[in-house]
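Below, each chain spelled out in residue letters.
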Amino acid sequence: MSRKESLLIGRTSVAKRIEHAEAQVIAMASAPARQRDGSGFATPLCGGIACFAGAASPMNKVAGLGFGGTPESAVMDDIENEFAIRGLPTQVELSSLADPEIGAMLAQRGYRLVSFENVLGRRLGPDLQPATPPGIEVDLCGADDFDAWVRAVVDGSVHPDDDGVPFYEQFSAEVIEREERDFQNAGATMYVGRCEGVVAAGASMVFTDGVAQFTGAATAPAYRRRGLQTALLARRLADAAAGGCDVAVITTAPGSKSQENAQRRGFHLLYTRAVLVKAVEGADMSV
């Protein structure tokens, strides 16, 4: 690991940039759903965001807290009530580098730890070049390929690799397709991976204030272990550097194949997010 890379790890200033970018991406990605569903909201919250984007959306959460002050009790009451009246628990994703007062406040309010996710990052420089193994092609996803892109990503997402700890939430094929289409409509850049000419994998990326967020990737099960994800990572790294970003970030389940692939491409574990949930009163949180 170079000295420049080591300077990213464990730095509160880096985590603040990433968490702020995460909040902005959630606001962006949820905008189409919130416009479609009149009950949606994206409420700024002490540098983070509280978002509801319709039933079963992966965007229904609080993110980015811990770097802009501690929310007042009355503000948290309002946020939790907004989720509760929609029949949802309040889910907070909290960086391990956040202000410790946030964690203490959430514990006092009855939040329960349910899972973790890892945030990995790496520096970007001009020496990054795309690399693809024989038989693999990676391109920007055009309109003609988008439906095939969605099918490949949905297939890969609903059949995850067995390695590592699974994400706390699992979503149906219908929800994943809806979210991917919304994400594309909101302005994310999509990449298509082909194996022997067949659309077999997909990925996406968003730039936010110099941070390149690798916002999703999946390979159809029949085409795994052929280098598609490595090629998609390499292309996005090169494009992010060319686009003026200085840091690339990816979020993975702990110990997953995605984490392994990212580390092979020079990513390092920067910090962990705790997933904390406060149940709606009377709800069963045993599952």
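Parameters and conventions
- Residue positions are given per chain, counted from 1 along the sequence in the order it is written.
- For a predicted model such as this one, the threshold for reporting local features is a pLDDT of at least 70, and the threshold for listing and counting side-chain atom pairs is 80 or more; totals across whole chains, interfaces and linings nevertheless cover every residue.
- Note that the side-chain values use all heavy atoms of the structure and ignore hydrogens as well as water.
- Numbered from the N terminus, helices here are DSSP runs of H or I no shorter than four residues, and strands are runs of E no shorter than two.
- Here the globule rule is a power law, 2.2 Å times the number of residues to the power 0.38, and the radius of gyration is based on C-alpha atoms.
- Buried residues are those whose accessible area, probed at 1.4 Å on protein chains only, stays under 20% of the maximum for their type, while exposed residues exceed 50% and partly exposed ones sit between those limits.
- Only heavy atoms enter the contact rule, under which two residues are in contact if any of them lie within 4.5 Å.
- Each accessible area value is a Shrake-Rupley result obtained with a 1.4 Å probe; residue values ignore everything except the protein chains displayed when judging cover.
- Working convention for charge: Lys and Arg count positive, Asp and Glu count negative, and His plus the chain ends are omitted.
- Taken as the charge location is NZ of Lys, CZ of Arg, CG of Asp or CD of Glu.
- pLDDT runs from 0 to 100 and stands for how confident the predictor is about each residue.
- Any Lys or Arg side-chain nitrogen found within 4 Å of a carboxyl oxygen on Asp or Glu counts as a salt bridge.
- A pair of strands is treated as paired once DSSP finds two or more bridges between them.
- For every element, the axis is a line fit to its C-alpha atoms; helices are fit only across the contacting stretch, and the angle between N-to-C directions ranges from 0 to 180 degrees.
- Between N or O atoms, a polar contact is any pair within 3.5 Å; within protein, one atom must be a potential hydrogen donor and the other a potential acceptor, and residues adjacent in sequence are included only when both atoms are from side chains.
- Each Phe, Tyr or Trp ring, with Trp reduced to its six-membered ring, pairs with another whose centre is within 6.5 Å; inter-plane angles below 30 degrees give stacked pairs, above 60 give edge-to-face pairs, and intermediate values give tilted ones.
- Here the expected span of a helix is defined as 1.5 Å times the quantity of residues minus one.
- This arc corresponds to the set of directions leading from the helix axis out to the C-beta atoms.

Student: Please provide a residue-by-residue account of the overall build of the protein, values included.
Tutor: Helix and strand counts for the protein stand at eight helices and 11 strands. Taken against the 2.2 N^0.38 rule, which gives 19 Å for 287 residues, the C-alpha radius of gyration of the protein at 19 Å falls within 12% of a compact globule. Seen through its principal axes, the protein has C-alpha atoms that stretch 55 × 45 × 30 Å. Taking all 287 residues of the protein together, the buried fraction comes to 47%. In the protein, the share of contacts with a sequence separation of at least 24, taken over all contacts with a separation of at least 6, comes to 75%. Carbon and sulfur atoms form 51% of the exposed surface of the protein, whose accessible area is close to 13,000 Å². The averaged location of the 36 negative side-chain charges in the protein is 6 Å from the averaged location of its 27 positive side-chain charges.

Student: Talk me through the confidence of the model for the protein; I want residue IDs and the actual numbers.
Tutor: Mean pLDDT over the protein stands at 90; residues scoring 70 or higher make up 92%. The spread of mean pLDDT over the elements of the protein runs between helix 1 (residues 3-6), the lowest at 58, and strand 4 (residues 90-95), the highest at 98.

Student: A description of the pattern of salt bridges should follow, citing residues and the corresponding values.
Tutor: Overall, the coordinates contain 19 salt bridges when judged by the stated rule. Note that Arg86 is salt-bridged to Glu82, the shortest N-O span being 2.8 Å. With a relative accessible area of 26%, Arg86 lands in the partly exposed category. Each of Glu19, Glu22, Glu117 and Arg273 takes part in salt bridges that share partners, so that together they form one network.

Student: Could you give an account of the sheet that holds strand 10 (residues 247-252), naming the residues involved and the relevant values?
Tutor: Within a beta sheet, neighbouring strands are joined by backbone hydrogen bonds and run either parallel or antiparallel to one another. If you trace the 11 strands from one edge of the open sheet to the other, you get 1-2-3-4-11-5-10-9-8-7-6, paired in mixed fashion. Both outer strands of the open sheet, strand 1 (41-45) and strand 6 (136-140), are each paired with one neighbouring strand and no more. Neighbour to neighbour, the strand axes of the sheet diverge by 25 degrees on average, direction disregarded. With six bridges joining them, strand 5 (residues 112-123) and strand 10 adopt antiparallel strand pairing. Counterpart to Val119 in the pairing with strand 10 is Thr251.

Student: Please provide a residue-by-residue account of unusual backbone geometry, values included.
Tutor: A positive phi angle, close to 70 degrees, is found at Ala56, a residue other than glycine. With respect to the element layout, Ala56 can be found in the loop between strand 2 (48-52) and strand 3 (61-63). Note on Ala56: relative accessible area 40%, which makes it partly exposed. Non-glycine residue Glu196 carries a positive phi angle of around 50 degrees. Residue Glu196 is classed as exposed on the basis of its relative accessible area of 62%.

Student: Explain the side chain of Arg194 to me, and be specific about the residues and the numbers.
Tutor: Examined against the element boundaries, Arg194 turns out to sit in strand 7 (residues 189-195). Note on Arg194: relative accessible area 14%, which makes it buried. A polar side-chain atom of Arg194 sits 2.4 Å from a polar atom in the side chain of Asp145.

Student: For the packing of aromatic side chains, give the residues involved together with the corresponding values.
Tutor: Inspection of the entire model under this criterion finds four aromatic pairs. Summarising the aromatic geometry, the rings of Phe146 and Trp149 are spaced 5.5 Å apart at their centres and angled 15 degrees between planes, so their arrangement reads as stacked. You can see Phe146 and its partner Trp149 sitting in helix 5 (residues 146-158), three residues apart, about one turn around the helix. Residue Phe146 is classed as buried on the basis of its relative accessible area of 10%. On the numbers, 5.8 Å between centres and 65 degrees between planes, the contact of Phe214 with Phe267 is edge-to-face.

Student: Just give me the short version of helix 3 (residues 73-84), but keep the residues and values in it.
Tutor: Taking 1.5 Å of rise per residue, the 12 residues of helix 3 would be expected to cover 16 Å, and the 16 Å separating its terminal C-alpha atoms lies within 8% of that figure. Listed as buried for helix 3 are Met76, Ile79, Glu80 and Phe83. Down the axis of helix 3, the buried side of the element spans an arc of 95 degrees, and every buried residue falls inside it. Packed against the buried residues of helix 3 are strand 1, strand 2, strand 3, strand 4, helix 4 (100-108) and strand 11 (268-278).

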